[in-house]
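Observations on chain architecture
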Amino acid sequence: MENPKFLGGVVKASDLATLPLDELPRVAFAGRSNVGKSSLLNALTNSKIARVSGEPGKTREMNFFRFCLTRDPKDVLLLVDLPGYGYAKVARTLRDQWGREITTWLKGDEDLALVVALVDGRHGFLDNDLELVKFLVGAHLPFIIAFTKMDKYKSNNQRKQAEKQLTDLSSSMGVDRFIFVSAFGRDGVRPLENVLKEILKESRAVG
Ligand SMILES: Nc1nc2c(ncn2[C@@H]2O[C@H](COP(=O)(O)OP(=O)(O)OP(=O)(O)O)[C@@H](O)[C@H]2O)c(=O)[nH]1
Ligand SMILES: [Mg+2]
């Protein structure tokens, strides 16, 4: 079986019924444009299935991928690469049209298992990152923060310092689930896989 497999993309949440999504647990990648959503999805799936670009605004649709996480064919998830926001060229905020489509879908999908909220590790939480976190907390959606591009730090020491700052910052915001990732070095991919394995276990227990 093709793994991962692209199932299709939609611009409007109301068009989702046209895709063969089944009731698989959904894991959505959300965050500002250019933060590395598509790259992390590729690192996780060990593929180049999601399109990546140095120009913000590459992903224009909510793209759905079926992905089997382990050798067990029952360990199937739906990964969702979302369009980013935060640049004038694309949606500026979560309240713009695209942002509204995304939040409508996230709130309405009963099979949503996790939102991976990506934040650029070099910048920490910018205003629109905070807006995303507030939305996720307010809507009681399960999420984990992934601080991206951690390979950009010049030395191990600088990276350790940054990780400490980001950890403190997250705790001060009451956020206790976070990972540090690099799509290039594949750092953080294993911890993310472990989180997804837990999700699969839980979804099986629920039936
Ligand atoms: N150094 C470094 N660069 C990265 C990493 N992840 C992504 N990038 C680069 O960042 C740019 C944007 O990556 P994408 O994965 O397309 O970002 P995106 O969040 O999907 O962006 P949109 O689709 O526009 O919302 C590309 O040039 C990537 O190569 C990373 O972990 N480290
Ligand atoms: Mg993208």
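Residues numbered from 1 in each chain as written. Chains lettered and ligands numbered in written order. Predicted model: local features only at pLDDT ≥ 70, side-chain atom pairs only at ≥ 80, totals over all residues. Heavy atoms only, no water.

All right, on to the environment of Leu-141 then. Position of Leu-141 relative to the elements: it lies in the loop between α3 (127-138) and β6 (143-148). On the basis of relative accessible area, Leu-141 is assigned to the buried category, the value being 12%. With 29 residues separating them in the primary sequence, Leu-141 and Leu-112 have C-alpha atoms 8.2 Å apart. Not counting the four nearest positions on each side in its chain, Leu-141 is found in contact with Leu-106, Leu-112, Phe-135 and Leu-136. (Helix = DSSP H or I, 4+ residues; strand = E, 2+ residues; numbered from the N terminus. Buried < 20%, exposed > 50% of the residue type's maximum accessible area, 1.4 Å probe, protein only. Contact = heavy atoms within 4.5 Å.)

On to the environment of Ile-145. Mapped onto the elements, Ile-145 comes out in strand β6. A residue is classified by how much of its surface remains accessible, and Ile-145, at 0% relative accessible area, is buried. Measuring from C-alpha to C-alpha, the distance between Ile-145 and Ile-179 comes to 6.3 Å, with 34 residues separating the pair along the chain. Among residues more than four places away in sequence, those in contact with Ile-145 are Ala-117, Val-119, Phe-125, Val-133, Val-175, Arg-177, Phe-178 and Ile-179.

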